[in-house]
Amino acid sequence: MTERKLSATGRAGCVPRVLLTAAVLLNVARASAAEPPAQASPPTARPVDAPTPQSTESGPGWQFHGAAKESFRGRQSSIPDERDQDVDLYLDLAATDPSGRFVAEGAAAAWWDIDGTSRTPGFGLRSLRETTDPALWVDVYRLSAEYRSPSDLVRLARAGRQEAEHGLPEIFDGAAVELRPARWLGLFAFGGRTEHFYELRPKVSEDWLGSAGAVLRPVENLKIDIDYRLLSEDVPADSEGAKTPLTTNSYGVTGMYRFGEWLRAKLYARGLDASLSNAGGAVGATNQERLMGVEVRLDTQTVAIKEINEANDPYYLVLGESLPFARWRLDLFKGFSTSAGTYTLHIGYEGRNLLRDDETVFNRNTSRLYSLFTAADVGIKGPFAGLLFERNSAGLDLFGGQGIWAVGGSAGWDRGILRAEAGTYYQRFAYVYYQDVEELADVRVFFGDVRLRIREWISARTRYQYEAFDRELHTLIVGLTQAW
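Computed from a predicted structure; not experimentally measured.

Undergrad: Explain the overall build of the protein chain to me, please; I cannot follow it from the model alone.
TA: Along the protein chain, the regular secondary structure elements total 2 helices and 23 strands. Expressed as a percentage of its 484 residues, the buried residues of the protein chain come to 49%. For the protein chain, the share of sequence-separated contacts (at least 6 apart) that also reach a separation of at least 24 residues comes to 53%. Surface summary for the protein chain: the accessible area is close to 22,700 Å², and the carbon and sulfur share equals 61%.

If you want it as structure tokens, here you go:
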């Protein structure tokens, strides 16, 4: 495999969400649009089924938090001799001193390909982590110590491996500081060596960043975040592995406003060197009393991103160029709370369209109209269900040209120590960047998932998934999670 560099900012492809609740079903709905949503958890996020760390007091007020996950995943394709077996391990630990001002934390994961890395050309189950022999991959996502205070001039001082809290997402080894010289003004700066989790043979000195900015609060409920970032990286110059230095300037402003508990709005714009690279915004309004609301979102990328700045396009060495596009979403919902359960109806429209280029792999024009109905505690406490009806189009014309009607849904039980669910859903395009590094089209998925709480701090999970596209794929996951 040639050398690949994949930034930690990457939102790993669109692994479909489980149809659990209305919110989760909506995520599945979003995932079927062509813009690569995420399995989409960046490596810094906890695994999809990792437990939430619990806290325990020990000694004179110290608090300790921990979470762990161990799982086996086996996959079998309909293509002869195409199978894969992996063990995943995850650990998340944190400790806070009695004053609550000093925190140490760390998170790491390991993947072991127990049946060995396949060298078969075109092997469809290859993972980006299967690049070395033995096929054991270990990543440290977070390892830092920090001082944090809500009232002092120095609000935050942190050193170690961490995620940037302002501007573009980025993982780096370095230091960060935040100051609050006035009630309406915050200042921040951070810098260090950037971390690319899927880069082979990295050099210690090749990738660095430095950032500074301000957070303004001119009036109540309004926050304006302004940041500048200098990024210096070595990027591939040819297929032989040669590299050339690249320095880029990224800068942006984000405004966020909240009115009471019912209205929130966000606008943002970013530049890259001399070009405007991204702009967009979102508005959401919710009436909790009437269980109804609306969400509107628009995002645009106005320049083609390839080697110009990896942090802005973490997939480019794997997937190719990211062409200029606009992406939008409108969702209306209404809930009904009755003595026989809680019911919610979502109606929405979303899409993605290239601004001026023709379609390519990973750069698709799609649009989607959907209706989602969910029910919880149907009749008695425990039963839940969801039904998703949608029209997927290959372009902006929803009912003309190439398009497909699709139905998805799930049903299950969630009460006490047991949660069980079975269902199906459809994806027009599916991306699993950290797994197969390919674009899948017209994917129909059937799944069954059972989780059992053995004790308050430990639970077990078994999940089976069948996917049908240009081939068939069976996946079995068995695991344990702990939280303490």
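Undergrad: How do you make sense of the pairing of strand β18 (residues 383–393) when you look at a structure like this?
TA: The side chains of a regular strand alternate, residue by residue, between the two faces of the sheet. A large share of β18 lies buried, amounting to 8 of its 11 residues. In terms of strand pairing, strand β17 (residues 366–376) meets β18 through 10 bridges, oriented antiparallel. In the sheet register, tyrosine 370 faces β18, and the bridge partner there is glutamate 390. Count of turn residues in the β17/β18 antiparallel hairpin: 6 residues, of which aspartate 377 carries a positive phi of about 55°. With 11 bridges connecting them, β18 and strand β19 (residues 403–415) associate as antiparallel partners.

Undergrad: What is the right way to read the nonpolar core from this model?
TA: Across soluble globular proteins, you tend to see nonpolar side chains buried next to one another. Membership of the largest hydrophobic core is limited to 9 residues, which are Leu125, Tyr425, Ala430, Leu440, Val443, Val445, Phe447, Phe469 and Leu473. At 4 residues, strand β21 (residues 439–455) tops the list of elements feeding residues into this core. Counting residues in hydrophobic clusters, the runner-up holds 8 residues, among them Phe172, Ala176, Phe188 and Val215.

Undergrad: What should I look at first to understand the pattern of salt bridges in this one?
TA: Pairing between side chains of opposite charge can happen when the charged atoms of each approach one another. Counted under the stated rule, the structure contains 32 salt bridges. Across the pair glutamate 195 and arginine 161 runs a salt bridge whose closest N-O atoms are separated by 3.1 Å. Of the two residues, glutamate 195 is situated in the loop between β8 (185–194) and β9 (208–216) and arginine 161 in strand β6 (residues 154–163); the sequence distance between them amounts to 34 residues. A residue is classified by how much of its surface remains accessible, and arginine 161, at 16% relative accessible area, is buried. A salt bridge links glutamate 350 to arginine 329; the nearest nitrogen and oxygen atoms lie 3.6 Å apart. Here glutamate 350 is found in strand β16 (residues 341–354), whereas its partner arginine 329 is found in strand β15 (residues 325–338), with 21 residues between them in sequence. With a relative accessible area of 4%, glutamate 350 lands in the buried category. Take arginine 329: its relative accessible area is 9%, and that puts it in the buried class.

Rules used throughout
- Each chain carries its own residue numbering, running from 1 in the direction its sequence is written.
- Residues qualify for local features only when their pLDDT is at least 70, as the model is predicted, and side-chain atom pairs are given and counted only at 80 or more; totals for whole chains, interfaces and linings, by contrast, use all residues.
- For the side-chain quantities, the full set of heavy atoms in the structure was used; hydrogens and water were omitted.
- Secondary structure is summarised from DSSP: a helix means a run of H or I of at least four residues, a strand means a run of E of at least two, and numbering begins at the N terminus for each.
- Categorising residues by exposure relies on relative accessible area from a 1.4 Å probe, with only protein chains included: less than 20% of the type maximum marks a residue as buried, more than 50% marks it as exposed, and the intermediate range marks it as partly exposed.
- What makes two residues a contact is simply this: any of their non-hydrogen atoms within 4.5 Å.
- Here the Shrake-Rupley method, with its probe set to 1.4 Å, supplies the accessible areas, and only the displayed protein chains count as covering residues.
- We treat two strands as partners when DSSP finds at least two bridges between them.
- Take the buried residues of types Ala, Val, Leu, Ile, Met, Phe, Trp, Tyr and Cys, join any two whose side-chain atoms come within 4.5 Å, and each joined set is a nonpolar core.
- A pair is scored as a salt bridge if a Lys or Arg side-chain nitrogen falls within 4 Å of a carboxyl oxygen belonging to Asp or Glu.

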